[in-house]
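Chain residues, written in single-letter form:
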Amino acid sequence: MTQELTSPSPAPQAPGTGRGPGWWRDAVIYQVYVRSFADSDGDGIGDLRGARERLPYLKDLGVDAVWLTPFYASPQADGGYDVADYRAVDPLFGTLQDADDLIRTAHDLGLRVIVDIVPNHTSDRHPWFQDPELSRQRYLFRPGKGESGELPPNDWESVFGGPAWTRTDRGDWYLHLFAPEQPDLNWDNPEVHTEFEAIMRFWLDLGVDGFRVDVAHGMIKAPGLPDIGHGAQAQLIGAQVLPFFDQDGVHAIHRAWRRLLDGYGDAHGRQVIGVAEAWAPTAERLALYVRPDELHQAFNFQFLNAPWQSDALRSVIDASLAATASVGAPTTWVLSNHDVVRHTTRLGGSLARARAATLLMLALPGSAYLYQGEELGLPEVTDLPDEVRQDPAFFRGGRATGAAGPGTDTESAPDGVAAAGGQDGFRDGCRVPLPWSGALPPYGFGPGGSWLPQPADWGGLTVAAQTGDPASTLELYRAALDLRRRLPGLGDGPMTWAPAPDGVLAFTRPGLLCTVNTLGHDVGLPAPGTPLLSSAPVTVDDATGRLPGDSCTWWAI
Ligand code: GLC
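What counts and what doesn't
- All chains use their own residue numbering, which begins from 1 and follows the written sequence.
- Selection of residues for local features in this predicted model requires a pLDDT of at least 70, selection of side-chain atom pairs for listing and counting requires 80 or more, and totals for whole chains, interfaces and linings are taken over all residues.
- To obtain the side-chain values, all non-hydrogen atoms of the structure were used and water was disregarded.
- Helix numbers and strand numbers start at the N terminus; a helix is a DSSP run of H or I with at least 4 residues, a strand a run of E with at least 2.
- Throughout, radius of gyration means the C-alpha value; the globule benchmark is 2.2 Å times the number of residues raised to the power 0.38.
- Three exposure classes are used, based on accessible area relative to the maximum for each residue type with a 1.4 Å probe and protein chains only: buried under 20%, partly exposed in between, and exposed over 50%.
- Should any heavy atoms of two residues lie within 4.5 Å, those residues are considered in contact.
- In summary, the charge assignment counts Lys and Arg as positive and Asp and Glu as negative, without counting His or the chain termini.
- A single reference atom marks each charge: NZ on Lys, CZ on Arg, CG on Asp, CD on Glu.
- A helix's residues, less one, multiplied by 1.5 Å, set its expected span.
- Any pair of Phe, Tyr and Trp rings, taking the six-membered ring for Trp, is counted once the centres come within 6.5 Å. Such a pair is stacked with planes under 30 degrees apart, edge-to-face with planes over 60 apart, and tilted for the rest.
- Paired strands, as defined in this entry, are two strands with at least two bridges between them according to DSSP.
- For our purposes a nonpolar core is just a set of buried Ala, Val, Leu, Ile, Met, Phe, Trp, Tyr and Cys residues, chained together by side-chain atoms within 4.5 Å.
- Definition of a polar contact: a pair of N or O atoms within 3.5 Å, with one able to donate and the other able to accept a hydrogen when the atoms are protein atoms, and with sequence-neighbouring residues admitted only if both atoms are side-chain atoms.
- For this analysis, a salt bridge means a side-chain nitrogen from Lys or Arg found within 4 Å of a carboxyl oxygen belonging to Asp or Glu.

1. What about the overall build of the chain?
Part 1 of the argument: Along the chain, the regular secondary structure elements total 15 helices and 21 strands.
Part 2 of the argument: Taking 2.2 N^0.38 as the reference for a compact globule, 557 residues should give roughly 24 Å; the C-alpha atoms of the chain span a radius of gyration of 23 Å, in line with that estimate.
Part 3 of the argument: A principal-axis box enclosing the C-alpha atoms of the chain has dimensions of 80 × 55 × 50 Å.
Part 4 of the argument: In the chain, which comprises 557 residues, the proportion classed as buried is 62%.
Part 5 of the argument: The contacts of the chain with a sequence gap of at least 6 include a subset with a gap of at least 24, amounting to 69%.
Part 6 of the argument: Seen as two clouds, the 42 positive and the 70 negative side-chain charges of the chain have centres 5 Å apart.

Spelled out as structure tokens, the structure:
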């Protein structure tokens, strides 16, 4: 099933090669959720050609790299996170040639490309799982409990709801931490290690600059697969170490991958990276994934989950910076992705807060990930009819986040933050195809329709409508990314808190002071300099700056 390139050619060189200080340390990386980004062929599903055609837009936006969500051959039981062939492109998204073309075009534009790798589980249609003998060595099969093995081997629950075990026709059970169509691999089997290293080399040979490692905290399970003795386990994810998540054994895998990535990079004069999607209970445990001999980055979901309160934000920023500094890694900030409620909606349905949160994030030291559409200020879509829903968790009555962080189920999440404001906690509402132009759906998404319906009132939110409007969210992102490139030291450099009134954060970066007013009303303070960029109009009178409610301002100092 592996596809061939029609014109194999040497992998294109990524922009800026060699080990150097590490391009990822302050990179802004844009997540392309391929099926919802741009559709080139009119089937209503975004594809690689569509993404390639829009790369100049991303270059113009000012990002450094793109991360493409899985486009591999897959039955699409979980939006492509159920991979049947890791070396083939699903016809829904194009061909291997299209992937090659996209990587080349990105590099020609000076953009790097990161692809997803899904090592915790495969699709149940993967040839390994289809083979009765192989499957029992390479996946986690166990006999059931009860008189005739009719009960699951332990009490583990799937992140998507229901038991984490499914019984086969042969009477034994296999583990799936996600959907039954996503059986968990047996990482005690060396052949699994060998295969994933080969898959990485395959994509590195095609020119990619790194991997976003899906469920990077999941591959190793506690010996003996012990019971948890607690229901509603998804609520515990990211709050404590579980026998199936954040086991210490996963770090040996990440160390091996770092050796592979560095060895490959050195041999080819490139810097190739791994970024962990890991849900760990504390900033300290998360930092273990980015020790110098492990992955380069790990998404900071504690920041994503922080409420819009100055004290909470400050303590999560401090904890994150301290933890990553202790291992010499940069912090990797993120506010939205394809698994959580978009931050415009999550932060109280307030575009003002979302814009302020973004400016805050982009002023912090380290790297930042943007999720497609946040630069347009898109809200979560909260009125999707049942018949269009696709999130497997919706059908299993489970949790909202595949990432399995501290859930997006507003009722039951430990802090309910990631879920706040969503339709019902499921993930389709953040995956609605992007509006590019025009007054009516599909708003230039493609020549056909769109796989999820777009709201009728998105005409004013399109890229075309916002371009050139200085008050638009798109132009705010462009200006912030432009300044970030032009101000030396704004990426990976020192940060110092400055005095500020209650409810306000202030900190300095090289050449800049950032203020964040988390209150719903104006706050006055001695103007710390000249406003450079603000998420809302800021005024300075007689040396007093007035910060609008829910705003962030960058001041030249
Ligand atoms: C990750 C992905 C999510 C997916 C899950 C299972 O959390 O981000 O979308 O459902 O892994 O692969």
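2. Brief notes about helix α7 (residues 250-268)
Part 1 of the argument: The end-to-end C-alpha distance of α7, which contains 19 residues, comes to 27 Å, matching closely the 27 Å that a straight helix rising 1.5 Å per residue would cover.
Part 2 of the argument: Residues of α7 that are buried include every one of V250, H251, I253, H254, A256, W257, R258, L260, L261, D262, Y264 and G265, and no others.
Part 3 of the argument: Against α6 (190-205), β9 (210-213) and β10 (273-276) lie the buried residues of α7.

3. Some thoughts on the packing of aromatic side chains
Part 1 of the argument: Tallied over the entire structure, the rule returns 26 aromatic pairs.
Part 2 of the argument: Aromatic side chains F394 and F395 sit 5.2 Å apart centroid to centroid with 85 degrees between the ring planes, which places their arrangement in the edge-to-face category.
Part 3 of the argument: A residue is classified by how much of its surface remains accessible, and F394, at 19% relative accessible area, is buried.
Part 4 of the argument: Judged by relative accessible area, which is 53%, F395 ranks as exposed.

4. Describing the pairing of strand β13 (residues 367-371)
Part 1 of the argument: Most of β13 is tucked away: 5 of the 5 residues are buried.
Part 2 of the argument: Because side chains alternate across β13, one face comprises the buried residues S367, Y369 and Y371, and the other comprises A368 and L370, equally buried.
Part 3 of the argument: Alignment of strand β1 (residues 28-32) against β13, held across 4 bridges, turns out to be parallel. Residue pairing in the sheet places Y30 in a bridge with L370 of β13.
Part 4 of the argument: In the sheet, strand β12 (residues 332-334) pairs with β13 via 3 bridges, with the strands oriented parallel. Considered in β13, the bridge of T332 is made with S367.

5. Details of the nonpolar core
Proteins that are soluble and globular tend to have nonpolar side chains buried together.
Part 1 of the argument: Counting 166 residues, the largest nonpolar core has Y30, L58, F71, W203, F303 and W554 as the members making the most contacts within it.
Part 2 of the argument: Residue contributions to this core peak at 7 residues, all from helix α12 (residues 351-363).
Part 3 of the argument: Leaving out residues up to four positions away in the same chain, L58 has contacts with Y30, V32, F37, V63, V66 and L111.
Part 4 of the argument: Within the second largest apolar cluster, 9 residues are counted, among which are A498, L513, L525 and L547.

6. Thoughts on the side chain of R427
Part 1 of the argument: Along the chain, the position of R427 falls in the loop between α13 (392-396) and α14 (463-466).
Part 2 of the argument: On the accessibility criterion, R427 (3% relative accessible area) is buried.
Part 3 of the argument: Within the local environment of R427, its side chain forms a polar contact with the side chain of D78, the two groups lying 3.1 Å apart.

7. Brief notes about the pattern of salt bridges
Part 1 of the argument: Counted under the stated rule, the structure contains 29 salt bridges.
Part 2 of the argument: For D424, the salt bridge goes to R389, with nearest N and O atoms at 2.9 Å. Taken together, the residues span a long stretch of sequence, with D424 in the loop between α13 and α14 and R389 in the loop between β13 and α13 at a distance of 35 residues.
Part 3 of the argument: Look at D424 and you get partly exposed, because its relative accessible area is 36%.
Part 4 of the argument: The partner of D428 in a salt bridge is R389, and the shortest N-O contact between them spans 3.3 Å. Here the residue D428 occupies a position in the loop between α13 and α14, and R389 occupies one in the loop between β13 and α13, the gap between them amounting to 39 residues. Taken as a pair, D428 and R389 share a single burial class, namely buried.

8. Details of the pairing of strand β20 (residues 544-547)
Part 1 of the argument: Going residue by residue along β20, you find G545 and L547 tucked away on one face and T544 and R546 left uncovered on the opposite face.
Part 2 of the argument: In this sheet, β20 lies alongside strand β17 (residues 523-526) in antiparallel orientation, the contact comprising 4 bridges. Among the inter-strand pairings, P526 is bridged to a residue of β20, identified as T544.
Part 3 of the argument: Pairing between strand β19 (residues 539-541) and β20: 3 bridges, direction antiparallel. Bridge assignment links T539 to a residue of β20, and that residue is R546.
Part 4 of the argument: Linking two consecutive strands that pair antiparallel, namely β19 and β20, is a turn of 2 residues; a positive phi of about 45 degrees is found at D542 within it.

9. Let's talk about the sheet that holds strand β7 (residues 165-167)
Part 1 of the argument: Taken in spatial order, the 3 strands line up as β6-β8-β7 in an open sheet, and their pairing is antiparallel. Each of the sheet's edge strands pairs with one partner strand only, and the pair in question is β6 (141-142) and β7.
Part 2 of the argument: Two elements, β6 and strand β8 (residues 173-175), share 2 bridges in a ladder whose sense is antiparallel. Residue R142 lies in a different strand from β8, and its bridge partner there is W173.

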